Amino acid sequence: MELNRNSETAEKKINISFSPPDISEEEIREVTDTLRSGWITTGPKVKALETRLTDYTGADGCVCLNSQTAAGEMSLRLLGIGKDSCGIDGIYGSEEDEVITCAYTYTASASVICHVGAKPVLVDCREGSVEMDYDALERAVNEHTKAVIPVDLGGIPCDYDRIFEILERKKGLFHPSNKLQKAIGRVAVVEDAAHALGASYKGRTIGSIADFTNFSFHAVKNFTTAEGGALAWKLKDRDAEEIYHRLQLFSLHGQSKDALAKTKLGSWEYDIVGPWYKCNMTDIMGAMGIAQFERYPDMLRRRRELICRYDSVLKPLGVEVLPHFTEEHTSSGHLYMTRIPHIGLRERQEIIEKLAEEGVAANVHYKPLPMHTAYKRLGFLIEDYPNSYKLFENEITLPLHTKLTDEEAEYVLEKYSSILAGYLKSPK
C-alpha cells in the first residue's frame, strides 16, 4: 500500500505524543465508584482483577502488585533465589545464586536480581534480533544458575520451546536450594512480560507458559492501571492457594490478614509472620484495570491495524521492523521499533530531532544495560555485547497507541518517510 503524499494531512503540523494512556469514561466511572465506596486500598476490585487476569492468561493464579518490578522481585523471592530471599519454604538463598537475562532491555529486568542479593548474568542478543542469544544462554547456564528472565520486548514472545529445551537438557547442572526449586526440577523461567499482556506463543497465551510471568500496567503500557503490575504463575503439582497466600504475605509486610479481612466483625487480630515488603495494588488501580479489560480486545485489534499500516509503508523503503505477527506468535503490539540500516548515533539523533520539529515524538528502545553506570560498576562492558550495541545505535521507536487516529498515523508515516529519504539507501 502506498502512502498518499498529496493528502491534506501532510500539509499541516500535528503534535503527536509518543504513548499517552487510553482512558475512557468507563475507567473514570469505575474509579469514581471506588472512591465513593469508601474502600480505596487493596480490596474487592483488586481481587476481581486478579480473577480476570487468571482466566484471561490461563495461569494457575495471579497476584496484582504495584509494578512489574515488584512482581519480578517477588517471583525471585518466592523461589528463594539470592542471599536476601527466604523463599516459600523459609529457606534463604545464596549470594552465589545466578540469574540470566538479556543485556538489551530496561533495567527492571535485571535490577530485581540485585534486589534479592543474587548475581545478574547478562547475555547478548542474537544478531539482528531483540531476543536473547539462546546459544549464549546455554553457555551461561552452570551449577549456580537458579533462573532465567526472558524479555518479551515490544510484546513479541521469546522462543519458549528453545528456552525450555535448553534448561531441560542442562538440568543435570541444577542444584535446588529448597522444595519449590526441587519441584520445578530445573532452572526456573521467570518471564518479563511487561510488554506482552495479550500476546501468544504457538497458540498458548502469555501467562500460561513460564513458571512465573510478570506483567506491567504502567501508564505507557497497552493495558494500564496508572502504575501497577501482576505476577502470574504456572507450576505443576503446586497448590495455587499456597502460592497466593505467600505472595500476599510478601506484598503486605508479612501481615497475616489483609486490610479487607481485618474489617470483618471482631477480626482485628493479626500477626506479622515475616519482616517483608509493601508492594500491593490499590482498588483505585484495580478499578481502572477492570474497565480496561472490557475494552482490551478492541485495543489489541487497533494496535494490529496500526502495525500493519506502518509495515506496508516502511518495509518497502528498507526500514527494518519487528515481526509482530507470524505463524508462531501473536504480539501484543506494544512498541513499533524500527532500525535504519547504515546509520550511527549522530544520524539517529538527527532523525529524532527532525521528527520532533514536525511534532512527532519518537523514542529509543533500549540503551543496553552495560552502557549504564550502574551496570558498568558491576563489571559489565558494552564491548562484550556487540549485537545489543548494533541494535541500539540505529533504533527509533515510533508512536504506537490506541489514541492514534488514522490521520495521525498517516502524518507519522509521511514525515518519517520524508525524513528518511536522506538516510536510507535504496533497497535492492
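In what follows, the structure referred to is the one given above.
Residues numbered from 1 in each chain as written. Predicted model: local features only at pLDDT ≥ 70, side-chain atom pairs only at ≥ 80, totals over all residues. Heavy atoms only, no water.

1. Comments concerning the packing of helix α1 (residues 25-37) against helix α10 (residues 283-314)
Packing of α1 against α10 brings their axes to within 8 Å, and their N-to-C directions diverge by 150 degrees. Comparing their axes, α10 and α1 come out roughly antiparallel. Taken as a pair, α1 and α10 cross one another with a handedness that is right-handed. Contact with α1, carried on its side by Glu-26, Glu-27, Glu-30, Val-31, Thr-34 and Leu-35, involves Asp-283, Ile-284, Ala-287, Met-288, Ile-290, Ala-291, Gln-292 and Arg-295 of α10 and no other residues of that element. Counted by class, the contact of α1 with α10 contains seven nonpolar, two polar and five charged residues. (Axes fitted to C-alpha atoms, helices over the stretch in contact; angles between N-to-C directions. Helix = DSSP H or I, 4+ residues; strand = E, 2+ residues; numbered from the N terminus. Parallel < 35°, antiparallel > 145°, perpendicular 65-115°, else oblique. Left-handed = near helix turned anticlockwise from the far one by under 90°. Contact = heavy atoms within 4.5 Å. Nonpolar A, V, L, I, M, F, W, Y, C, P; charged D, E, K, R; others polar.)

2. What about the packing of aromatic side chains?
The final tally for this structure, using the stated rule, is 11 aromatic pairs. Pairing Phe-223 with Tyr-296 gives two aromatic rings, centres 5.4 Å apart and planes at 85 degrees, and the pair type is edge-to-face. On the criterion of sequence distance, the pair formed by Phe-223 in the loop between β8 (212-216) and β9 (229-233) and Tyr-296 in helix α10 is long-range, its members being 73 residues apart. Residue Phe-223 is classed as buried on the basis of its relative accessible area of 1%. Here the aromatic cluster, defined as three or more aromatic residues joined through ring pairs, consists of Tyr-56, Phe-217, Phe-223, Phe-293 and Tyr-296. Across from the ring centre of Phe-325, 4.0 Å away, lies the NZ or CZ of Arg-304, which sits over that ring. In this structure, Arg-348 packs its charged tip against the face of Phe-392, placed 4.7 Å from the ring centre. (Phe/Tyr/Trp six-rings, centres within 6.5 Å; stacked < 30°, edge-to-face > 60°. Buried < 20%, exposed > 50% of the residue type's maximum accessible area, 1.4 Å probe, protein only. Lys NZ or Arg CZ within 6 Å of the ring centre and 35° of its normal.)

3. Re the environment of Ala-199
Examined against the element boundaries, Ala-199 turns out to sit in the loop between β5 (188-192) and β6 (200-201). Judged by its relative accessible area of 0%, Ala-199 is buried.

4. Overview of the nonpolar core
Grouped together as the largest cluster of nonpolar side chains are 67 residues, with contacts concentrated most on Leu-53, Tyr-104, Leu-137, Val-148, Tyr-160 and Ile-163. Not counting the four nearest positions on each side in its chain, Leu-53 is found in contact with Cys-62, Cys-64, Leu-197, Phe-217, Ala-230 and Phe-293. With 33 residues, the next largest nonpolar core counts Leu-76, Ile-149, Leu-231 and Trp-276 among its residues. (Core = buried A, V, L, I, M, F, W, Y, C linked by side-chain atoms within 4.5 Å.)

5. Quick notes on the sheet that holds strand β10 (residues 320-321)
The strand order across the open sheet built from three strands is β10-β12-β13, with neighbouring strands paired in antiparallel fashion. The outermost strands of the open sheet, each flanked by one partner alone, are β10 and β13 (395-398). Here β10 pairs with strand β12 (residues 336-339) via two bridges, running antiparallel. Bridge pairing in β12 places Val-321 opposite Thr-338. With respect to the sheet, α10 is in contact with β10, β12 and β13, its orientation differing from that of β12 by roughly 15 degrees. (Pairing = 2+ DSSP bridges.)

6. Thoughts on the pairing of strand β4 (residues 145-149)
Remember that side chains alternate between the two faces of the sheet whenever the strand is regular. Among the five residues in β4, five count as buried, and that is most of the element. Note: strand β2 (residues 98-102) against β4, four bridges, orientation parallel. Bridge assignment links Glu-98 to a residue of β4, and that residue is Thr-145. Bridging between β4 and β5 involves two bridges; their strand directions are parallel. The partner of Val-148 across the bridge, within β5, is Val-189.

7. Structural notes on helix α4 (residues 108-115)
Counting buried positions along α4 yields six of eight residues, so the element is predominantly enclosed. Its buried side turned inward, α4 meets α3 (68-78), β2, β3 (119-123), β4, β5 and α12 (373-377). Immediately beyond the C-terminal end of α4, within one or two residues, lies Gly-117, with a positive phi of roughly 80 degrees.

8. Points about the environment of Ser-177
With respect to the secondary-structure elements, Ser-177 resides in the loop between α6 (160-169) and α7 (179-184). Along the sequence, Ser-177 and Gly-229 sit 52 residues apart, while their C-alpha atoms lie 28 Å from each other. Setting aside residues no more than four positions away along its own chain, Ser-177 makes contact with Ile-91 and Lys-146.

9. A few points about helix α13 (residues 386-393)
The complete set of buried residues in α13 reads Asn-387, Ser-388, Leu-391 and Phe-392. Around the axis of α13, the buried residues are gathered within 135 degrees of arc, so they sit on the same side. Looking at the buried residues of α13, the elements they touch are β12, α11 (345-357) and β13. (Arc of directions from axis to C-beta.)

10. Focus: the sheet that holds strand β7 (residues 204-205)
Strand order in this open sheet of three strands is β7-β6-β11, and the pairing throughout is antiparallel. Of all strands in the sheet, those with a lone pairing partner are β7 and β11 (329-330), marking the two edges. Here β6 pairs with β7 via two bridges, running antiparallel. Looking across to β7, one finds that Tyr-201 is bridged to Arg-204.

11. Here's the deal with the pairing of β5
Of all five residues making up β5, five are buried, and the element is well covered by its neighbours. Strand direction decides the pairing type here: β5 and β8, joined by three bridges, are parallel. Counted as the bridge partner of Val-190 is Phe-212 from β8.

12. Some words on the side chain of Gln-181
Looking at the secondary structure, you find Gln-181 in helix α7. In this structure Gln-181 comes out as buried when scored by relative accessible area, which is 2%. When residues no more than four places from it in sequence are discounted, the contact partners of Gln-181 are Leu-79, Gly-80, Ile-81, Lys-146, Phe-174, His-175, Pro-176 and Arg-186.

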